[in-house]
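The lines below spell out each chain.
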Amino acid sequence: MSRLAHIVLLPDDQAEALQAWWLTEDGLTAFEPSAEDGEVLPVIALAAPEHVVVRWHGFEGLAPKQAEAAARLEAASASIDAAGLHIAAQEHGGAVVSGSIDSQFFARGLALLKSEGLDPDHVWPIGLLLSADGDDVLRARIGNACALRLGPQIFPDDPALAALIAVDKPVRDIAQPEFAGYLRAALSEPPLNLRSGQFAK
């Protein structure tokens, strides 16, 4: 069973047990560290939607880097406490996606992972891994994290919020093998990487 990457949830509490898996060609398997394992694989941390606000931006006529800079400014202007946020942006196919995360929370989560010997190469919002196509609400669970996506909208598994956004649309749960497939696809075409700017690796 060929390992492809090491997947871990971005922790939000020092007392929280590490939640980690191996991504393989067959799916996700429990992470079991081995001192004799010399494999060098990418480490990918997944951020739950309650910690990352994802926004979409359109800036026609701008070069990708200019569009990303404009998206960061627009995301900051839409935030209550922009000074306390780390904002990443990425252009893809003419659209720009941004992710806003509390800087102190992000720094603490990365430090907790480093204390466990893990230094993520990428940090991805979970919801961006899911397909934006179709009329169903997609719901993916991994560990104690859960993300829902309906088109461009990504939100946590909060019943009141889900009812407000999804209204009467059906919710389709993503089984672990399908979610692993989304992760494998993201290895070759990564979504927004929050490890940028002051947090770049």
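Residues numbered from 1 in each chain as written. Predicted model: local features only at pLDDT ≥ 70, side-chain atom pairs only at ≥ 80, totals over all residues. Heavy atoms only, no water.

Colleague: Before we move on, can you summarise the pattern of salt bridges with the specific residues and values?
Modeller: Counted under the stated rule, the structure contains eight salt bridges. Taking the shortest distance from any N to any O, the salt bridge between R195 and D119 comes out at 2.7 Å. Of the two residues, R195 sits in the segment after α4 (176-188) while D119 sits in the loop between α2 (103-115) and β8 (122-125), which places them 76 residues apart along the sequence. Judged by relative accessible area, which is 27%, D119 ranks as partly exposed. A salt bridge links R139 to D157; its shortest N-O distance comes to 3.7 Å. (Salt bridge = Lys/Arg side-chain N within 4 Å of Asp/Glu carboxyl O. Helix = DSSP H or I, 4+ residues; strand = E, 2+ residues; numbered from the N terminus. Buried < 20%, exposed > 50% of the residue type's maximum accessible area, 1.4 Å probe, protein only.)

Colleague: Can you lay out the side chain of S79 for me, pointing to particular residues and giving the numbers?
Modeller: Mapping S79 onto the fold places it in the loop between α1 (64-77) and β6 (85-92). Among the polar contacts made by the side chain of S79, one reaches the main-chain carbonyl oxygen of A75 at a distance of 2.7 Å. With residues near it in sequence (within four places) discarded, S79 still touches R55 and L85. (Polar contact = N/O pair within 3.5 Å; in protein donor to acceptor, adjacent residues only side chain to side chain. Contact = heavy atoms within 4.5 Å.)

Colleague: Go over the sheet that holds strand β11 (residues 153-156) with me, naming the residues and quoting the values.
Modeller: The four strands are arranged β11-β10-β9-β12 in an open sheet whose pairing can be described as mixed. The sheet terminates laterally at β11 and β12 (171-174), the two strands that pair on one side only. Along the sheet, successive strands turn relative to each other by an average axial angle of 25 degrees, direction set aside. With five bridges joining them, strand β9 (residues 137-142) and strand β10 (residues 145-150) adopt antiparallel strand pairing. Note that in β10 the partner of R139 across the bridge is L148. Running at roughly 160 degrees to β11, helix α3 (residues 159-166) makes contact with β9, β10 and β11 of the sheet. Docked against the sheet, α4 engages β9 and β12, running at close to 75 degrees with respect to β12. (Pairing = 2+ DSSP bridges. Axes fitted to C-alpha atoms, helices over the stretch in contact; angles between N-to-C directions.)

Colleague: Provide a residue-level description of the sheet that holds strand β5 (residues 52-57), including the pertinent values.
Modeller: Reading across the sheet, the three strands line up as β5-β7-β6 and stay open at both edges, with antiparallel pairing between neighbours. The open sheet is flanked by β5 and β6, the only strands paired with a single partner. Geometrically, the sheet is characterised by an average inter-axis angle of 20 degrees between neighbouring strands, direction not taken into account. Note that β6 and strand β7 (residues 95-102) share eight bridges and pair antiparallel. What sits directly across from H86, in β7, is I101. The strands touched by α1 within the sheet are β5, β6 and β7, with β6 carrying the most contacts at an inclination of about 145 degrees. Across the sheet, α2 touches β6 and β7, and the angle it forms with β7 is around 80 degrees.

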